[in-house]
Every structure is written in structure tokens, then in C-alpha cells.
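Per-entry structural report
Residues per chain are reported as follows:
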Amino acid sequence: AQTVTQSQPEMSVQEAETVTLSCTYDTSESNYYLFWYKQPPSRQMILVIRQEAYKQQNATENRFSVNFQKAAKSFSLKISDSQLGDTAMYFCAFTSSGTYKYIFGTGTRLKVLA
Amino acid sequence: NAGVTQTPKFQVLKTGQSMTLQCAQDMNHEYMSWYRQDPGMGLRLIHYSVGAGITDQGEVPNGYNVSRSTTEDFPLRLLSAAPSQTSVYFCASSPPGTGSNYGYTFGSGTRLTVV
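All of the points below concern the structure found in this document. Since the structure is predicted, the reported quantities are computational estimates derived from the model, not experimental observations.

**Brief notes about the overall build of chain A**
Broken down by element type, chain A carries zero helices and twelve strands. In sequence order, chain A lays out its α and β elements as β-β-β-β-β-β-β-β-β-β-β-β. The globule rule puts the C-alpha radius of gyration for 114 residues at 13 Å, and the 14 Å found for chain A is close to it. With the C-alpha coordinates aligned to their principal axes, the bounding extent of chain A is approximately 40 × 25 × 20 Å. Expressed as a percentage of its 114 residues, the buried residues of chain A come to 48%. For chain A, restricting intrachain contacts to residue pairs at least 6 apart in sequence, the fraction spanning at least 24 positions comes to 55%.

**Focus on the overall build of chain B**
For chain B, the helix and strand inventory stands at zero helices and eleven strands. Taken over the C-alpha trace, chain B has a radius of gyration of 13 Å; the compact-globule value for 115 residues is 13 Å, and the two agree within 12%. Oriented by its inertia axes, the alpha-carbon framework of chain B measures out at about 40 × 30 × 25 Å. Per-residue burial over chain B gives 50% buried out of 115 residues. A separation threshold of at least 6 residues defines the contact pool for chain B, and within that pool the share at least 24 residues apart is 54%. Within the structure as shown, chain B displays about 5000 Å² of accessible surface, and the carbon and sulfur contribution to it stands at 51%. In chain B, 7 side chains carry a positive charge and 7 a negative one; their mean positions are 12 Å apart.

**Re the environment of Leu 47 of chain A**
Summarising the element assignment, Leu 47 of chain A is placed in strand β6 (residues 46–52). In sequence terms Leu 47 of chain A and Phe 91 of chain A are 44 residues apart; their C-alpha atoms lie 9.6 Å from each other. Beyond its immediate sequence surroundings of up to four residues, Leu 47 of chain A is in contact with Phe 35, Trp 36 and Tyr 37 of chain A together with Tyr 102 and Gly 103 of chain B.

**Regarding the sheet that holds strand β8 (residues 76–78) of chain B**
Residues and elements named next belong to chain B. On the basis of which strands lie adjacent, the open sheet formed by four strands has the order β1-β3-β8-β7 and antiparallel pairing. Looking at strand neighbours, the two that pair on one side only are β1 (4–7) and β7 (64–66), the edges of this open sheet. Here the strands of the sheet are splayed against their neighbours by 20° on average, with no regard to which way each runs. When β7 meets β8, the two strands line up antiparallel, connected through three bridges. When the bridges of β8 are listed, Val 66 appears paired with Leu 76.

**Comments concerning the interface of chain B and chain A**
Contact residues are listed per partner, giving 27 residues for chain B and 21 residues for chain A. Where chain B abuts chain A, roughly 1900 Å² becomes buried across the two surfaces, and 54% of that area is made up of carbon and sulfur atoms. Seen at the junction of chain B and chain A, the total is zero salt bridges. Residue assignment for the side of chain B that touches chain A shows that the elements contributing at least two residues are β4 (31–38), β5 (42–51), β9 (87–94) and β11 (110–114) of chain B. Per-element accounting of the side of chain B that touches chain A gives the leading share, five residues, to β5 of chain B. Grouping the amino acids of the side of chain B that touches chain A by side-chain chemistry returns 13 nonpolar, twelve polar and two charged.

**Concerning the nonpolar core**
Residues and elements named next belong to chain A. Counting 25 residues, the largest nonpolar core has Tyr 25, Trp 36, Phe 75, Leu 77 and Tyr 90 as the members making the most contacts within it. Those elements that place two or more of their residues in this core are β3 (19–21), β5 (32–39), β6, β8 (64–69), β9 (74–79), β10 (88–96) and β12 (108–113). With four residues, β10 is the single largest residue contributor to this core. Apart from residues no more than four positions distant in its own chain, Tyr 90 is found in contact with Gln 6, Leu 21, Trp 36, Tyr 37, Lys 38, Val 48, Phe 64, Leu 77, Ile 79, Gly 107, Thr 108 and Leu 110.

Reading guide: rules and limits
Residues numbered from 1 in each chain as written. Chains lettered and ligands numbered in written order. Predicted model: local features only at pLDDT ≥ 70, side-chain atom pairs only at ≥ 80, totals over all residues. Heavy atoms only, no water. Helix = DSSP H or I, 4+ residues; strand = E, 2+ residues; numbered from the N terminus. Rg over C-alpha atoms; globule rule 2.2 N^0.38 Å. Buried < 20%, exposed > 50% of the residue type's maximum accessible area, 1.4 Å probe, protein only. Contact = heavy atoms within 4.5 Å. Areas by Shrake-Rupley, 256 points an atom, 1.4 Å probe, with all protein chains shown as cover. Lys, Arg positive; Asp, Glu negative; His and termini not counted. Charge placed at Lys NZ, Arg CZ, Asp CG, Glu CD. Pairing = 2+ DSSP bridges. Axes fitted to C-alpha atoms, helices over the stretch in contact; angles between N-to-C directions. Buried area = accessible area lost by both parts, 1.4 Å probe. Salt bridge = Lys/Arg side-chain N within 4 Å of Asp/Glu carboxyl O. Nonpolar A, V, L, I, M, F, W, Y, C, P; charged D, E, K, R; others polar. Core = buried A, V, L, I, M, F, W, Y, C linked by side-chain atoms within 4.5 Å.

In C-alpha cells form, the structure reads like this:
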């Protein structure tokens, strides 16, 4: 069975600094996708970034980038130039291609300090 | 374009009561699903549907029923509410042919409290 582990329940970062959120996963599948979702206090789940397992290149979306280490089964999220609006819960998620099912991690609560 | 709409946003039920959480999307998405979010446990899949008339169970289906009579709607029914069903419920959808590969569009959630 697939599992997703986020080992940092809470983190904080100063505004304008860089922070990295960790995520590890376990799977025997070869074709899968990984995601980071942001959940601000409004409760809305927002897709931040997506990585295809067969692509070696790390995904980037503006200030958000990932470090995807397939052999180590690691998928960390780096937030550069942190902003107060980045304060949220961040969830790492895994899906095998074509399965329609996500496995979510337990989340990391990030607080950006002014 | 409203996206995924969930109603109600908040609900308090008494143990044993039944209710239906509504979910509607106007994006012609084939795939719809229900997740529950509990503290320290992330989101867990309850039921999902890959199209009208087709539903299947997820990780935690007990105590919940679903049906999919139209592409747009995917209601979640609690048959006899229990305190263990106190949670935040999310409906999510994704476009035809993509399954879960490209990420979901989520509704804003329903906070349900069972007393």
C-alpha cells in the first residue's frame, strides 16, 4: 500500500526568506504523480505544484519549486521569498496513474512571520 | 463559472440523524470524489465516481452512501450520523480523461459536527 509521510507538523519562516517542507512516500508503482496542496485559513484546497514521476526535471511554479528524488522517494517543496499569504497548511499527495485515488500526508502547518 | 459548489458550509447533527451533503460542479468534469479531513490524518477518500451511474468505495466508506445520476451532482448521504463522522468534508472533481493525474478542483468544504 502507498503511504505519504510529512514529518514536520509545524514550521515557521520569516517573511522574504526561504523554507523547505519535506515529504516522503512509499510505492512500488513506476508511473505516478505527486502534488502539493495549500490550505489557507479559508479552508479552500489549492493546487500549488504537480510533478510527474517519469520526468526528471523538478517542477517550478513562480516562487514554488520541488526537489523530486525518485530513488529516495522524496518530494520536498521549497518556497522562496516567503510572503504572509503563504501562511497555510500544506499537504503532500500521491496518486498512481489512472487510479482516481489520492493518498494525502498529514500536513505541515506553515506560519510566515512578519 | 462557479467550479465545485458544496452546501451547506456548516452543519450540526444529532446522533442518529440523516442528512445529505450536496456537491455540484459546472465544469463537465467526469470524475468526482468525497474526502474527509480530520486533524492529524490528512484527507481520506470516502467514495468516488468516474461518471454518471458509476460509483466506487474509497478508504473510509462505512456510514456513507453516494449516487451519481447526473454528471454535475454527487451527493454524499450520512445514513445515521455518529460522533465519529464529525469532520470537514470536501468534494473534488477533475476533467474527463485525466483521472487524478492532473490534480483536483476542490469545493470549499462542509464542516459537520455530530453531537
